[in-house]
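Structural overview for review
The chain contents come next:
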Amino acid sequence: AATIARVSEWRDRLRETTMWGLGPSATCALLLLPILWPYAELARSEGLVRNFAETRRCSATWNDYLYTGSRVHFDLWSERFRESSSDANFPGVIVTGMVVLGLIGTGSRSPRARMWLGVIVGSVLLSMLPRAPGFTWLHEHLPVFGALRCYSRAGQIALVGMGVLAGYGAARLMAATTTVRAATLAGIALVAGVNLEAMRAPFWYSDFAGIPPIYDRLRDEAHAVVVEVPFYDRRAFFRNADYMINA
């Protein structure tokens, strides 16, 4: 998506652009090969693959981009999108405002701004890809489309792009101030406001009481099979941490 956004410029430097693109791509492939190879072998030998229904269930809808756990927004309006969302991808009011301000200003004429806009659009579309017509065929015939566990995570990349583009809006806002003091105050207000929007505090912690003694009886069992109940759903998956510690 970023390449398409700047294709008119990079077309004139095709050889240089191709080399810069192939180098990082080859490096990433080499780094990922030892990690992905066991999964490929497991799929080949045991037939353990992710089905389409599971992939679609962990893809985004527009609700993902309206859901946030922020203390400011959750109770006020965002909680209604919780059950229908896979991820919390709402960028925030201030960041969105800064992005709009940047794009209607000099940012819309900046090649780098167009590139990051392409990253945002591409990431959002990728997060929703399993819901697109024709994806079922792609998932069944091209293994790479079944390799991603949760397409909705691509929305996090869109949030990174929003943060970058918000910088263009912040720069335009700073340029509109008349004094250094005003620019400083505006910068402090933006940083404070963005963090206030994203804040999920307070966090509640509980004391670790140790591993229950019953597990001592299983320590020397070579083939012990343990089933932990209850089975928590995806909204309370963090409670499975106790089971992992016990194991």
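Residues numbered from 1 in each chain as written. Predicted model: local features only at pLDDT ≥ 70, side-chain atom pairs only at ≥ 80, totals over all residues. Heavy atoms only, no water.

**A closer look at the overall build of the protein**
Keep this limit in mind: Numbering of helices and strands runs from the N terminus, with a helix taken as a DSSP run of H or I at least four residues long and a strand as a DSSP run of E at least two residues long. With the radius of gyration taken over C-alpha atoms, the globule rule is written as 2.2 Å times the number of residues to the power 0.38. Note on exposure labels: buried denotes an accessible area under 20% of the residue type's maximum, exposed denotes more than 50%, and partly exposed covers the range between, all computed with a 1.4 Å probe on protein chains only. Working rule for contacts: check all heavy atoms of both residues, and any pair within 4.5 Å makes them a contact. All accessibility values rest on the Shrake-Rupley procedure with a 1.4 Å probe; residue burial counts only the protein chains present in the view. Asp and Glu are treated as the negative residues and Lys and Arg as the positive ones, with His and the ends of the chain left uncounted. For the purpose of locating charges, the reference atoms are NZ of Lys, CZ of Arg, CG of Asp and CD of Glu.
The helix and strand tally for the protein stands at 11 helices and 0 strands. What you see for the protein is a C-alpha radius of gyration of 23 Å, clearly larger than the 18 Å of a compact globule of 247 residues, by over 25%. Viewed in the frame of its principal axes, the protein has a C-alpha envelope of about 75 × 50 × 35 Å. In the protein, which comprises 247 residues, the proportion classed as buried is 27%. Once local pairs closer than 6 in sequence are excluded, the contacts in the protein between residues at least 24 apart make up 71%. Carbon and sulfur atoms provide 66% of the accessible area of the protein, an area that totals close to 17,500 Å². Averaging the positions of the 25 positive and the 20 negative side-chain charges in the protein gives two centres separated by 11 Å.

**Details of the pattern of salt bridges**
In plain terms, the rule: We define a salt bridge as a side-chain nitrogen of Lys or Arg found within 4 Å of a carboxyl oxygen belonging to Asp or Glu.
For the coordinates displayed, the defined rule picks out 3 salt bridges. A salt bridge links Glu54 to Arg50; its shortest N-O distance comes to 3.8 Å. Ionic pairing is found between Asp87 and Arg153, a salt bridge with its closest N-O pair at 2.7 Å. With Asp87 in the loop between helix H4 (52–57) and helix H5 (93–103) and Arg153 in the loop between helix H8 (144–147) and helix H9 (154–176), the pair connects residues that are 66 residues apart, well separated along the chain. Residue Arg153 is classed as partly exposed on the basis of its relative accessible area, which comes to 39%.

**A short note on the state of the cysteines**
The condition is simple: When two cysteine sulfur atoms are found within 2.5 Å, that pair is recorded as a disulfide.
Here the structure, examined in full by the defined rule, presents 1 disulfide. The side chain of Cys58 participates in a disulfide bridge whose partner is Cys150; the two sulfur atoms lie 1.8 Å from each other. Between Cys58 and Cys150, the disulfide has an S-S torsion of -75 degrees and is therefore left-handed. Taken as a pair, Cys58 in the loop between H4 and H5 and Cys150 in the loop between H8 and H9 lie far apart in primary sequence, 92 residues in all.

**Some points on unusual backbone geometry**
Across the junction of Ala201 and Pro202, the peptide omega takes the value 0 degrees, indicating a cis bond. With respect to the helices and strands, Pro202 occurs in the loop between helix H10 (180–198) and helix H11 (241–246). That bond from Val229 to Pro230 is cis: its omega, 5 degrees, falls within 30 degrees of zero. For Pro230, the location among the structural elements is in the loop between H10 and H11.

**Some remarks on the confidence of the model for the protein**
This is how it is decided: Looking at any residue, its pLDDT shows the predictor's confidence there, from 0 to 100.
The predicted model of the protein averages 88 in pLDDT, with 99% of residues at 70 or higher. Least confident of the elements in the protein is helix H2 (residues 7–10), whose mean pLDDT is 73; most confident is H5, at 95.

**So, a nonpolar patch on the surface**
Put simply, the rule is: Only residues whose relative accessible area exceeds 30% and that take part in no salt bridge are eligible for patches, with like-charged residues grouped when within 9 Å of each other and nonpolar side chains (Val, Leu, Ile, Met, Phe, Trp, Tyr) grouped when within 5 Å.
A cluster of nonpolar side chains, contributed by Leu32, Ile35, Leu36 and Tyr39, occupies part of the molecular surface with about 430 Å² of accessible area. Examined against the element boundaries, Leu32 turns out to sit in helix H3 (residues 14–46). Judged by its relative accessible area of 42%, Leu32 is partly exposed.

**A word on the packing of aromatic side chains**
For any pair of aromatic rings, geometry is given as the distance between the ring centres together with the angle between the planes. Our working rule: Ring geometry is summarised as follows: Phe, Tyr and Trp rings, the Trp one being its six-membered ring, pair when their centres sit within 6.5 Å, and such pairs are stacked at plane angles under 30 degrees, edge-to-face over 60 and tilted between the two.
Under the defined criterion, the tally for this structure stands at 8 aromatic pairs. Taken together, a centroid distance of 6.0 Å and an interplanar angle of 40 degrees make the contact between Phe52 and Phe135 tilted. Separated by 83 residues along the polypeptide, Phe52 in helix H4 and Phe135 in helix H7 (residues 135–141) bring together distant segments of the chain. Every member of this aromatic cluster is reached through a ring pair, and the members are Phe52, Phe135, Phe145 and Tyr151.

**Description of H10**
We count it as follows: Here, expected helix span is obtained from the residue count minus one, scaled by 1.5 Å. Here the arc refers to the directions that run from the helix axis out to each C-beta atom.
Taking 1.5 Å of rise per residue, 19 residues should cover 27 Å, and H10 covers 27 Å from first to last C-alpha, within 8% of that figure. For H10, every residue scored as buried is listed here: Ala183, Ala186, Gly187, Leu190, Gly193 and Glu197. Down the axis of H10, the buried set is contained in an arc of 135 degrees. They therefore lie on one face. Every exposed residue of H10 that faces more than 90 degrees away from the buried side is listed here: Val180, Arg181, Ile188, Val191 and Asn195.

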